[in-house]
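# Observations on the three-dimensional arrangement
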Amino acid sequence: MFGYFDLLHEVQLFCKNGIETGIVGESTLGQQIPYIFVGNKNGNRMIVQGAIHAREHLTALLVVGLAKHLVKNSHLRMDGGIYFVPMTNPDGVRICQEGVGWIADKGVRANLVAMNGGRDFSLWKANAQGVDVNVNFDAKWSKGKHNTFCKGAQNYVGKHPFSTAEARCLAEFTERLKPCVTLSYHLKGEEIYWEFGQKGHRKFADERYANAIAKYTGYKVVGAGGSVGGYKDWCIQKLKIPSFTIEVGNDKYAHPFPYSLYSTILQQNVDLPRRLLNSVVEERNTIKSLGWEDVLNG
Ligand SMILES: [Zn+2]
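Residues numbered from 1 in each chain as written. Predicted model: local features only at pLDDT ≥ 70, side-chain atom pairs only at ≥ 80, totals over all residues.

## Brief notes about the overall build of the protein
Each helix and strand counted, the protein has 10 helices and eight strands in total. Against the 2.2 N^0.38 benchmark of 19 Å for 298 residues, the protein shows a C-alpha radius of gyration of 18 Å, consistent with a compact globule. Each principal axis of the C-alpha distribution contributes one length, and for the protein these read about 60 × 45 × 35 Å. Evaluated residue by residue, the protein yields a buried proportion of 45% over its 298 residues. Contacts spanning at least 24 positions in sequence make up 77% of the contacts within the protein whose residues lie at least 6 apart. (Helix = DSSP H or I, 4+ residues; strand = E, 2+ residues; numbered from the N terminus. Rg over C-alpha atoms; globule rule 2.2 N^0.38 Å. Buried ≥ 20, exposed ≤ 12 C-beta atoms within 10 Å, placed from the backbone. Contact = placed C-beta atoms within 7 Å.)

Take a look at the structure:
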């Protein structure tokens, strides 16, 4: 299993090799959420994030693997740079992997055990408040098919949008960087989600990217579905940029998902961030050179 301290160790190695690393913000329990930056600082930006859902911690290892691939292949053309945020929900990942023994506050520990209905947290998805961070964003918040309104291991939307430190700091980080595209890694299903009410050219373009991702990864493109309030939804609706959720991992395996499939998953996605960034930048530049921003992005 890939844990929070493994991540900190990996980030340190990037840093030692002269790669920029930093902090997106702090989790509910005050743990730092690191990022790794690879590429050209002056160009367009992309954000790739993983493990916003605790039990999907394999995606943190995946995001680290994708960053490593780019470092090793720095000769490949990249129109900008990529911020990799491997573990958006470090408290949740630790709870899922270690239980609650590491948490200092007795009350928090007791609450978590009560919400979870026991001490086996291996299927935990939420943060340390029992809020599902990926339904806590301000985009049709609380209107989702699977949303729940009490604290628990998954699907609880929180008291209001951005009630979690994790969603807040990822949103602030994103607003500050103004990426032209974002990619979120989840587990499992081998599916690509891209749609959240885009119209006209944006819909056409984003669906085309989704189809290209499907071709590259071998996963299938899925329509809007009933999910709302996620990071991708917020990026599409509020920032008006293409944003994708990729569910890696074959659905025939149950959670906790076997790490033996990691290298297959890495291979399926290995050069995807760079390709996606380049394509989005190329299209942006074309529209700009034609002077059609108002028509095509309206
Ligand atoms: Zn997920």
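## Looking at the pairing of strand E4 (residues 80–85)
By the criterion of burial, E4 is predominantly enclosed, with six of the six residues buried. Examined bridge by bridge, strand E2 (residues 32–39) and E4 share four bridges and lie antiparallel to one another. Residue pairing in the sheet places Gly 39 in a bridge with Gly 81 of E4. Across six bridges, the pairing between strand E3 (residues 44–50) and E4 is parallel. When the sheet's bridge partners are listed, Arg 45 is paired in E4 with Gly 81. Considered for its hand, the β-α-β crossover made up of E3, helix H2 (residues 58–72) and E4 is right-handed. (Pairing = 2+ DSSP bridges. Right-handed = clockwise from strand over helix to strand, strands pointing away.)

## Quick notes on helix H5 (residues 165–177)
If you check H5, its first and last C-alpha atoms are 18 Å apart, about what 13 residues at 1.5 Å a residue would give, namely 18 Å. Restricting attention to buried positions, one finds in H5 the residues Ala 165, Glu 166, Ala 167, Leu 170, Ala 171, Phe 173 and Thr 174. Downstream of H5 by one or two residues, Lys 178 has phi in the positive range, about 50°. (Expected span 1.5 Å × (residues − 1).)

## As for the packing of helix H6 (residues 200–217) against helix H9 (residues 272–290)
H9 packs onto H6 with a crossing angle of 155° between their chain directions and a minimal axis gap of 11 Å. For the element pair H6 / H9, the angle class is roughly antiparallel. Crossing angle aside, the handedness with which H6 passes H9 is right-handed. The segment H6 lies against H9, with Ala 205, Tyr 209, Ile 213, Tyr 216 and Thr 217 engaging Leu 272, Arg 275, Leu 276, Ser 279 and Glu 283. Its residues assigned to classes, the contact of H6 with H9 comprises six nonpolar, two polar and two charged. (Axes fitted to C-alpha atoms, helices over the stretch in contact; angles between N-to-C directions. Parallel < 35°, antiparallel > 145°, perpendicular 65-115°, else oblique. Left-handed = near helix turned anticlockwise from the far one by under 90°. Nonpolar A, V, L, I, M, F, W, Y, C, P; charged D, E, K, R; others polar.)

## What to know about the pairing of E3
Across the seven residues of E3, seven count as buried, placing the element largely inside the fold. The side-chain alternation of E3 yields two buried faces, one formed by Asn 44, Met 46, Val 48 and Gly 50 and the other by Arg 45, Ile 47 and Gln 49. Bridging between E3 and strand E5 (residues 181–187) involves five bridges; their strand directions are parallel. Looking at E5, one finds that Ile 47 is bridged to Thr 182.

## Overview of H2
For H2, spanning 15 residues, the distance from its first C-alpha to its last is 21 Å, which sits close to the expected 21 Å at 1.5 Å a residue. Within H2, 12 of the 15 residues are buried, which leaves the element mostly enclosed by the surrounding structure. Among all positions in H2, only Leu 58, Thr 59, Ala 60, Leu 61, Leu 62, Val 63, Val 64, Gly 65, Leu 66, Ala 67, Lys 68 and Leu 70 are buried.

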